[in-house]
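Single-letter residue listing:
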Amino acid sequence: MTSPDGKEGRFGGRRRRALGARRWWVASGAAALGCVLLAGVTPDSAQADGETPAGILQAGAEQGVADGYPGVIGLVRSGDTTEYVHAGVGDVSTKTEADPKAKFRIASNTKTFTATVLLQLEGEGKLSLDDSVAKWLPDAVDANGYDGSKITMRELLNHTSSLPDYAADAQLSNAYYNNTEPDKAWQPQQLVDVALRQHAPQSAPGEKFGYANTNFVLAGMVIKAVTGNEPGDEIQQRIIVPLGLNDTKFATDSAMSGNYLRGYSYSILGGMRDVTASNMQFFSTAGAIVSTMDDMATFHRALMTGKLLAPEQLAELKTTVPESSDGSTEITAGLGIGRVELSCGKVAWGHTGAVLGYYSEWLISEDGNTEVVHANNEDHMQSGTRGQTDTHAALEKAFCAAA
């Protein structure tokens, strides 16, 4: 199993993944995991007699805790009905139950917010997805053979830009994993520069899928270049405030407040460490948002039902490219969102987010009516853990039963 940028690493007998990058629909890199997970649910098992979607998700949460997660929370939303599940604890020291209403770091699920803002700007005529990166950021991508004039906004958002992932840099990833500088300031261009110096281009822009947090850091830089405002402020004013997402925040520091799950990570030396405070500037528009399952579900439904995007931009959001090297379309990438044909025969859209201490996934139906979300409060940057496998299987099985 490889990381999403195609590189492999070892840790504790498992593969280390690129930071913040493992997602359920990947068909290359960490896709080996995605394919195993997708194969774990059959149409028969998804519709077993007497199993409700919430019951399925609850059983998955309990299994996740048995697998080693401190706590797991989940949500099933169908029409106007929302059901919650939870197992384990949100705070190891106090033994407080994991609260399905609690906030957590949504990690790469932030990318859907960032893509939405860029699409809104296109709908307003302020930019085009066919604009080059260099049009808005003339000097940002101009080193080691990379040329921003040949990379489009669309190629950033669907991860076909050919750019490396700065989070794959060994020095940066080790510092992040060890959580030695939770409040270190990172300028977006610094992160882009780290990416560019890793290696020369290995493909032409638009040629193939290659997941990179770098793409969405650049997307945030474009938002600022077009609007003159910080991208987090644009996300706040365009999405968070209009939708009333009162428990959602674009984080710029390591602090958490209010009702939240504490985040944990298994240490290389053994035992569990509290990593609730970790560096969010390291991910910025690629993964800095703190939210709740309710707020996420509200945002995703608004997005899928056209409340945030005009029809043309919504169609662009859902225009996908294959993630697999053989061009298969079972698992494809849109703009900050993915499409998957589930083994039960149904189609879902969604994303996954992973940062130190937190892991979450969601699936939503094409019409936005049905959504399943789950999150846990332990992540130590490994792919293919037993907890990931079991909770994902429950997520997909619950969606198949609900949709």
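Here the structure is a predicted model, which means the values were calculated and not measured.

> What is the right way to read the packing of aromatic side chains from this model?
Aromatic ring pairs: the centre-centre distance and the angle between the two ring planes describe each pair. Per the stated rule, a full pass over the model turns up six aromatic pairs. Consider the rings of Phe113 and Phe299, whose centres lie 3.9 Å apart with planes at 20°: the pair is stacked. On the criterion of sequence distance, the pair formed by Phe113 in helix H4 (residues 110–123) and Phe299 in helix H11 (residues 293–304) is long-range, its members being 186 residues apart. One exposure class covers both Phe113 and Phe299, and it is buried.

> Whenever I open this one, the environment of Trp362 confuses me. Can you help?
On the secondary structure map, Trp362 appears in strand S17 (residues 358–364). For Trp362, a relative accessible area of 0% puts it in the buried group. Sequence separation of Trp362 and Leu395 is 33 residues, and the distance between their C-alpha atoms is 7.8 Å. Polar contacts involving the side chain of Trp362 include one to the side chain of Asn109, which spans 2.9 Å.

> How should I be thinking about the environment of Thr180 in this particular structure?
Mapped onto the elements, Thr180 comes out in the loop between helix H7 (170–178) and helix H8 (188–196). Taking the relative accessible area as the measure of exposure, Thr180 reaches 54% and is therefore exposed. Between the C-alpha atom of Thr180 and that of Asn279, which follows or precedes it by 99 residues, the distance is 9.2 Å.

> Which parts of the structure should I look at to understand helix H10 (residues 231–240)?
In an α-helix, one full turn covers 3.6 residues, which means residues spaced three or four apart are oriented alike. Counting buried positions along H10 yields seven of 10 residues, so the element is predominantly enclosed. Every buried residue of H10 is listed here: Pro231, Gly232, Glu234, Ile235, Arg238, Ile239 and Ile240. Taken down its axis, H10 places every buried residue within 160° of arc, on the same side. In this structure, the buried side of H10 is in contact with H4, helix H9 (213–227), strand S9 (249–250), strand S12 (289–291) and H11.

> Would you mind showing me how to read the state of the cysteines here?
By definition, a disulfide links the sulfur atoms of two cysteines through a covalent bond. According to the stated counting rule, one finds one disulfide in the structure shown. Linked covalently through their sulfurs, Cys344 and Cys400 form a disulfide whose S-S length is 2.0 Å. On the sign convention where negative is left-handed, the bridge of Cys344 and Cys400, at about -80° about the S-S bond, is left-handed. Placement of Cys344 in the loop between strand S15 (338–341) and strand S16 (347–355) and of Cys400 in helix H13 (residues 386–402) is noted, with a sequence separation of 56 residues between them. When its relative accessible area of 0% is taken as the criterion, Cys400 is described as buried.

> Looking at this structure, how should I read the sheet that holds S9?
One key point about sheets: their strands pair by backbone hydrogen bonds, in either a parallel or an antiparallel sense. What the three strands build is an open sheet, ordered S6-S12-S9; its pairing is antiparallel. Both outer strands of the open sheet, strand S6 (104–105) and S9, are each paired with one neighbouring strand and no more. Looking at chain direction, S9 and S12 are connected through two bridges and run antiparallel. Counted as the bridge partner of Phe250 is Ile289 from S12.

> Would you explain the sheet that holds strand S14 (residues 331–333) in this entry?
Taken together, nine strands build an open sheet; the order of strands is S5-S4-S3-S18-S17-S16-S15-S14-S13 and the sheet is antiparallel. Edge strands, defined here as strands with exactly one partner in the open sheet, are strand S5 (96–97) and strand S13 (321–322). Where strand S3 (residues 71–78) and strand S18 (residues 370–376) come together, seven bridges link them in antiparallel fashion. Residue Val72 lies in a different strand from S18, and its bridge partner there is Asn376. Sitting on the sheet, helix H3 (residues 53–67) touches S3, strand S4 (81–91) and S18, and the angle it makes with S4 is about 10°. Across the sheet, H13 is in contact with S3, S16, S17 and S18; its angle to S18 comes to roughly 165°.

> Looking at this structure, how should I read H3?
If you check H3, its first and last C-alpha atoms are 21 Å apart, about what 15 residues at 1.5 Å a residue would give, namely 21 Å. Taken residue by residue, H3 has Pro53, Ala54, Ile56, Leu57, Gly60, Ala61 and Gly64 as its buried positions. Around the axis of H3, the buried residues are gathered within 160° of arc, so they sit on the same side. Just beyond H3, the residue with positive phi is Gly68, at close to 130°.

> Mind showing me how you'd approach the pairing of S3 here?
As a general feature of sheets, a regular strand has side chains that alternate between the two faces. Within S3, seven of the eight residues are buried, leaving the element largely enclosed by the surrounding structure. Pairing analysis gives eight bridges linking S3 to S4, with the strands arranged antiparallel. The partner of Arg77 across the bridge, within S4, is Thr82. Here S3 folds back onto S4 in antiparallel fashion, the turn holding two residues, of which Gly79 has a positive phi close to 60°.

> Would you take a moment to explain the pattern of salt bridges for this structure?
Side-chain pairs of opposite charge can arise whenever the charged atoms involved come near each other. If you walk through the whole model with that rule in mind, you get 15 salt bridges. Residues Lys318 and Glu366 are paired through a salt bridge, measuring 2.9 Å at the closest nitrogen-oxygen approach. Linking Lys318 in the loop between helix H12 (311–317) and S13 with Glu366 in the loop between S17 and S18, this pair joins segments that are 48 residues apart in sequence. Judged by its relative accessible area of 40%, Glu366 falls in the partly exposed class. One continuous salt-bridge network, built from bridges that share partners, spans Glu124, Lys126, Glu234 and Arg238.

> Just checking my understanding: could you explain unusual backbone geometry for this structure?
A negative phi angle characterises most non-glycine residues, just as the trans form characterises most peptide bonds. Even without being glycine, Asn179 reaches a positive phi, approximately 60°. Note on placement: Asn179 falls in the loop between H7 and H8. By relative accessible area, Asn179 is classed as buried at 16%. Even without a glycine there, the phi angle at Ser284 is positive, about 45°. Within the secondary structure, Ser284 is located in the loop between strand S11 (272–274) and S12.

Calculation rules
Residues numbered from 1 in each chain as written. Predicted model: local features only at pLDDT ≥ 70, side-chain atom pairs only at ≥ 80, totals over all residues. Heavy atoms only, no water. Phe/Tyr/Trp six-rings, centres within 6.5 Å; stacked < 30°, edge-to-face > 60°. Helix = DSSP H or I, 4+ residues; strand = E, 2+ residues; numbered from the N terminus. Buried < 20%, exposed > 50% of the residue type's maximum accessible area, 1.4 Å probe, protein only. Polar contact = N/O pair within 3.5 Å; in protein donor to acceptor, adjacent residues only side chain to side chain. Arc of directions from axis to C-beta. Contact = heavy atoms within 4.5 Å. Disulfide = S-S within 2.5 Å. Pairing = 2+ DSSP bridges. Axes fitted to C-alpha atoms, helices over the stretch in contact; angles between N-to-C directions. Expected span 1.5 Å × (residues − 1). Salt bridge = Lys/Arg side-chain N within 4 Å of Asp/Glu carboxyl O.

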